[in-house]
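Inside the fold
Below, each chain spelled out in residue letters.
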Amino acid sequence: MEDEPAVARVSMVVLPLADPARIVAADWTDGYNGYEPAPMDEYAVLCGAPFDPMRVSGRDAEDDLREAERIITAGDGEGRRVNYAEIVTDPDRRGNALFFPVDGEERNGYEAQEDDGTVVCLAFTAFDRD
């Protein structure tokens, strides 16, 4: 019996915030700088640290997760499941979080920045290996 090749499953979200030429020319770095949004069940949350629903004072992150699940499950009105839910977690500062379903325990976030610090692209990966 031959050894089966390893299998890896990857989920990836890419948020381009500028034209492709600017993204290609930008410097890619670890987008969280040591901060990782808390995984919630089978969902990941893409947000800045101040807007993480697990860390916003007075927020019930479980309520946010239930609302995200409801939005994703309800779909787009045509019966198609949507890929993410945007929840405003800090209305006073207009902060939001993107919730999206993921398969994968290992999670990484990256951002592309121009020399002046302008973020031109965000990427999130989640993966598992069998």
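So, here is what we can say about the structure in this document. (Residues numbered from 1 in each chain as written. Predicted model: local features only at pLDDT ≥ 70, side-chain atom pairs only at ≥ 80, totals over all residues. Heavy atoms only, no water.)

**Here's the deal with the nonpolar core**
The biggest cluster of nonpolar side chains holds 10 residues, and these are Tyr43, Val45, Cys47, Leu65, Ala68, Ile72, Ala85, Ile87, Ala97 and Phe99. Looking at this core, the elements that each hand over two or more residues are β3 (43–46), α2 (61–74), β4 (85–90) and β5 (95–101). In terms of residue count, the dominant contributor to this core is α2 (3 residues). The contact partners of alanine 68, leaving out residues within four places of it in the chain, are Ala85, Ile87 and Phe99. Of all hydrophobic cores here, the second largest spans 7 residues; its members include Leu98, Phe100, Val102 and Ala126. (Core = buried A, V, L, I, M, F, W, Y, C linked by side-chain atoms within 4.5 Å. Buried < 20%, exposed > 50% of the residue type's maximum accessible area, 1.4 Å probe, protein only. Helix = DSSP H or I, 4+ residues; strand = E, 2+ residues; numbered from the N terminus. Contact = heavy atoms within 4.5 Å.)

**Observations concerning the packing of aromatic side chains**
Counted by the stated rule, this structure contains 1 aromatic pair. Pairing phenylalanine 100 with phenylalanine 124 gives two aromatic rings, centres 5.1 Å apart and planes at 80°, and the pair type is edge-to-face. On the criterion of sequence distance, the pair formed by phenylalanine 100 in strand β5 and phenylalanine 124 in strand β7 (residues 119–129) is long-range, its members being 24 residues apart. We classify phenylalanine 100 as buried; its relative accessible area is 5%. (Phe/Tyr/Trp six-rings, centres within 6.5 Å; stacked < 30°, edge-to-face > 60°.)

**What about the sheet that holds β5?**
The strands that make up a sheet are held in pairs by hydrogen bonds between backbone atoms, and each pair lies either parallel or antiparallel. A sheet is described by the order of its strands in space; here 3 strands give the open sequence β3-β5-β4, paired in antiparallel fashion. Strand pairing shows two members of the sheet lacking a second neighbour, β3 and β4, which therefore form its edges. Direction aside, neighbouring strands of the sheet carry axes that sit 30° apart on average. Strand direction decides the pairing type here: β3 and β5, joined by 4 bridges, are antiparallel. Bridge pairing in β5 links valine 45 to phenylalanine 99. (Pairing = 2+ DSSP bridges. Axes fitted to C-alpha atoms, helices over the stretch in contact; angles between N-to-C directions.)

**With respect to the environment of cysteine 47**
With respect to the helices, strands and loops of the structure, cysteine 47 is situated in the loop between β3 and α2. Each C-alpha atom, one on cysteine 47 and one on alanine 97, is 4.8 Å from the other, the two residues being 50 residues apart in sequence.

Geometry only, nothing functional implied.
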